[in-house]
Amino acid sequence: MFAAVDLGASSGRVMLGTVDGGEISLTELTRFATGPRERPGGGLRWDVGQIRDSVLAGLRLAGTPVSIGIDSWAVDYGLLDSTGTLDGDVRCYRDPRVDGVAERVSAVLPELYAITGIQHLPFNTIYQLMTEPPERLAGHTMLLLPDLIGYWLTGTIGAEVTNASTTGLLDATTRKWSPAIVSRLGFPESLLPALRQPGEHVGTFESSSVVSVASHDTASAVAAVPFASPRSAYISCGTWSLVGVQLDAPVLTPDARAANFTNESGVDGSVRFLRNTMGLWLLNECLRVWDVPLPPLLAAATRAPAFAAVVDPDDPSFFAPGDMPARIAAYCARTGQPEPPTRAAMVRTILESLALAHARTLRTAARLAGHDIDFIHLVGGGARNSLLCQLTADASGIAVLAGPVEASALGNVLVQARAAGVHASPPPAFASYQPCRSRTSWQSAADRIGL
Ligand code: ADP
Ligand code: LRH
């Protein structure tokens, strides 16, 4: 038995994974909300104390698993002082402190993309670190969230490489911290701990080994994609939609940079060549305002008329937490479209807009990777949204294979099983959606907002 701690930006869970005849099954031991909180006086933080306590409570229900692995969302970190104590809060990547920082770094380091291959996202760790006062970095060690939780379990320090690749400080070719970036930006070398590979034993918690899995949740999710062919793409769909393909080597070309594609490190030296799209965040934020359950709303959205309005999910106005329905209404007004008249119509607008963004990004991925896409594997919580799966098939003209839902936890268990010498493979997709609506209507919807 293996315990997988999987921390998503909307919920965290501790799962127990068992492998029987090569097949993994998961039992959910605990699930808890993780979402960021506004701190009095300003600033968005994660409540890492509560996350740690919930993880410990979940692990207590796990008995004595062979091993424990931890994965979470990327880029966010805590700073340990010289006594090994967390100094200050763990800020959320949606905190506005990073506004304008990326432009400053580009001026000093124009070759950043050529070194790291990492998509320009304003919240990458490199930009967050630039906002720290130098005295907060001196004598401190940066631990990404799964490494921080692992440190609290084992007392050992390290940086798992798949998640380290999201920082914007790792060289995509050597898969080591980039000395050029660290020295040019003046970060102390002691800030970055030694790298760890997925599958390494990193310490012990009670009587269980703690194994460094693919600790970036998206790396774990992609490790669990049951690829139907080498030319299949994936969408890891939860708070974000991570849309791309798996490659053997990074693509660091000016074209890839212009398309803002990222080359994150995956297991076994693979590269996750993908682009972030805003994802189900838009829907979650609407639900938070409306305070209603999702399933009946999705049923109503299935019956709502198509293309009431369309939005660009990556519009910066949707990034911060807040009144999402009002922001979507404002976007529609700005682009000369009627406001979706009902909640169901609003949900349909969000899902059609996500499907369009998925299709657009997949077209770019195919162009940059130099091959057509046979199937789209849609994994993560979004795989439960059959309307989104069907719309994605329709908008792209490519069949969507849905599932697994708990892809990150499964990828987490896969790496642990392998480290223990147990053969395991991901479960197959549980549903498939064939494209069945003309793509012309999608193009005219996209044309409305110039996409
Ligand atoms: P994260 O790891 O980013 O927290 P998940 O992969 O857990 O995200 O996916 C969470 C999303 O899954 C929710 O935001 C919701 O939109 C979707 N989801 C969860 N349950 C259902 C359901 N019953 N039907 C449709 N969608 C669902
Ligand atoms: C998804 C994810 C994604 C990152 C974002 C910060 O949970 O890890 O891959 O870009 O969160």
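Quantities reported herein were computed from a predicted structural model and do not represent experimental measurements.

A. Representation of the overall build of the protein chain within the structure. Each helix and strand counted, the protein chain has 17 helices and 20 strands in total. Relative to a compact globule of 451 residues, whose C-alpha radius of gyration would be 22 Å, the protein chain shows 21 Å and is just as compact. Considering only C-alpha atoms, the protein chain reaches an extent of 60 × 55 × 45 Å along its principal axes. Within the span of the protein chain, comprising 451 residues, buried residues form 49% of the whole. In the protein chain, once contacts between residues fewer than 6 apart in sequence are set aside, the share between residues at least 24 apart is 75%.

B. Inspection of the UniProt feature "domain: Carbohydrate kinase FGGY N-terminal" (unreviewed entry) in the protein chain at higher detail. Within this numbering scheme, the UniProt entry marks residues 4-208 as carrying the feature "domain: Carbohydrate kinase FGGY N-terminal" (unreviewed entry). The distance separating the terminal C-alpha atoms of residues 4-208 is 12 Å; by composition the span is 27% helix and 28% strand.

C. Geometry of the site of ligand 2. Around ligand 2 there are 13 residues in total, and Trp 73, Ala 74, Asp 217, Thr 218 and Trp 240 lie nearest to it. Class assignment of the residues belonging to the shell around ligand 2 gives a composition of seven nonpolar, five polar and one charged. Split by domain, the shell around ligand 2 shows at least three residues from each of two domains, domain 1 (2-215) and domain 2 (225-403 + 421-451).

D. The site of ligand 1, seen in detail. Residues in close proximity to ligand 1 total 17 residues, the closest being Gly 8, Ser 10, Gly 238, Thr 239 and Gly 381. Secondary-structure elements contributing two or more residues to the shell around ligand 1 are helix 11 (281-290) and helix 12 (294-303). Tallying contributions element by element places helix 12 first for the shell around ligand 1, with three residues. Its residues assigned to classes, the shell around ligand 1 shows six nonpolar, ten polar and one charged. Both of domain 1 (2-215) and domain 2 (225-403 + 421-451) provide at least three residues apiece to the shell around ligand 1.

E. Fine view of the environment of Ala 33. Within the element layout of this structure, Ala 33 appears in strand 3 (residues 23-33). As a C-alpha pair, Ala 33 and Ala 301 span 268 residues in sequence and 25 Å in three-dimensional space.

F. The UniProt feature "domain: Carbohydrate kinase FGGY C-terminal" (unreviewed entry) in the protein chain, seen in detail. Mapped onto this structure's residue numbering, the UniProt feature "domain: Carbohydrate kinase FGGY C-terminal" (unreviewed entry) falls at residues 233-420. With 46% helix and 16% strand, the stretch residues 233-420 has end C-alpha atoms that lie 29 Å from each other.

G. Representation of the sheet that holds strand 6 (residues 67-72) in the model. In spatial order, the strands read 3-2-1-6-13-12; together these six strands make up an open sheet with mixed pairing. The sheet is open, and its two edges are formed by strand 3 and strand 12 (200-205), each paired on a single side. Within the sheet, the average angular offset between the axes of one strand and its neighbour, ignoring direction, is 25°.

H. Region of the structure containing the confidence of the model for the protein chain. In this model, the protein chain carries an average pLDDT of 96, and 100% of its residues clear a pLDDT of 70 or more. The ipTM assigned to the predicted complex is 0.99, against a pTM of 0.98.

I. Fine view of the nonpolar core. Counting residues in hydrophobic clusters, the biggest one holds 132 residues, and the most contacted among them are Ala 3, Val 5, Leu 378, Val 379 and Leu 414. Per-element accounting of this core gives the leading share, 13 residues, to helix 14 (residues 343-369). Viewed by domain, this core spans two of them, domain 1 (2-215) and domain 2 (225-403 + 421-451), each represented by three or more residues. In this structure Leu 414 touches Ile 24, Ala 223, Ala 224, Ala 424 and Pro 426, once residues within four positions along its chain are discounted.

J. Expanded view of the domain arrangement of the protein chain. Taken domain by domain, the protein chain comprises domain 1 (2-215) and domain 2 (225-403 + 421-451). The C-alpha centroid of domain 2 is placed 25 Å from the C-alpha centroid of domain 1. Each partner contributes residues to the interface: domain 1 has 26 residues there, and domain 2 has 24 residues. Of all the secondary-structure elements, those providing two or more residues to the side of domain 1 that touches domain 2 are strand 3, helix 3 (112-116) and helix 7 (161-164). Here the residues of the side of domain 1 that touches domain 2 are counted per class, giving 13 nonpolar, ten polar and three charged.

K. View of the packing of helix 12 against helix 14. At their nearest, the axes of helix 12 and helix 14 sit 8 Å apart, and the two run at 80° to each other. Taken together, the axes of helix 12 and helix 14 are roughly perpendicular relative to one another. Along its contact with helix 12, which presents Leu 297, Leu 298, Ala 300 and Ala 301, the element helix 14 presents Arg 343, Ala 344, Val 347, Arg 348 and Leu 351. Looking at the contact of helix 12 with helix 14, its residues break down into seven nonpolar, no polar and two charged.

L. Here's a closer look at the sheet that holds strand 5 (residues 44-46). On the basis of which strands lie adjacent, the open sheet formed by three strands has the order 4-5-8 and antiparallel pairing. Only two strands of the sheet have a single neighbouring strand rather than two, namely strand 4 (37-38) and strand 8 (90-91). Of the strand pairs in this sheet, strand 5 and strand 8 are connected by two bridges, and their pairing is antiparallel. Looking at the pairing, Arg 45 lines up with Arg 91 of strand 8.

M. Representation of the pairing of strand 12 in the model. In this sheet, strand 13 (residues 208-212) lies alongside strand 12 in antiparallel orientation, the contact comprising five bridges. Considered in strand 13, the bridge of Phe 205 is made with Ser 208. Hairpin connection from strand 12 to strand 13: two residues lie between these consecutive antiparallel strands, with Glu 206 at a positive phi of about 50°.

N. Just helix 1 (residues 48-60), in detail. The terminal C-alpha atoms of helix 1 lie 18 Å apart, and with 13 residues this matches the ideal 18 Å at 1.5 Å per residue to within 8%. Burial in helix 1 covers these residues: Val 48, Ile 51, Ser 54, Val 55, Gly 58 and Leu 59. Looking straight down helix 1, one finds its buried side chains confined to an arc of 135°; they lie on one side. Exposed positions of helix 1 whose direction lies more than 90 degrees from the buried face are Gly 49, Asp 53 and Arg 60.

O. Up close: unusual backbone geometry. With an omega of 10°, the peptide bond running from Gly 403 to Pro 404 counts as cis. Within the secondary structure, Pro 404 is located in the loop between strand 19 (400-402) and helix 16 (407-419). For Val 75, which is not a glycine, the phi torsion comes out positive at approximately 65°. Considering the arrangement of structural elements, one finds Val 75 in the loop between strand 6 and strand 7 (77-80). Residue Val 75 is classed as buried on the basis of its C-beta count, with 22 C-beta atoms lying within 10 Å. Its identity is not glycine, yet Arg 175 carries a phi of approximately 60°, on the positive side.

Conventions we followed
- Residues numbered from 1 in each chain as written.
- Chains lettered and ligands numbered in written order.
- Predicted model: local features only at pLDDT ≥ 70, side-chain atom pairs only at ≥ 80, totals over all residues.
- Helix = DSSP H or I, 4+ residues; strand = E, 2+ residues; numbered from the N terminus.
- Rg over C-alpha atoms; globule rule 2.2 N^0.38 Å.
- Buried ≥ 20, exposed ≤ 12 C-beta atoms within 10 Å, placed from the backbone.
- Contact = placed C-beta atoms within 7 Å.
- UniProt positions renumbered as here; feature names shortened; annotations may be inferred.
- Near = placed C-beta within 6 Å.
- Nonpolar A, V, L, I, M, F, W, Y, C, P; charged D, E, K, R; others polar.
- Domains from an automatic or database assignment.
- Pairing = 2+ DSSP bridges.
- Axes fitted to C-alpha atoms, helices over the stretch in contact; angles between N-to-C directions.
- pLDDT = per-residue confidence, 0-100.
- Core = buried A, V, L, I, M, F, W, Y, C linked by C-beta atoms within 7 Å.
- Parallel < 35°, antiparallel > 145°, perpendicular 65-115°, else oblique.
- Expected span 1.5 Å × (residues − 1).
- Arc of directions from axis to C-beta.

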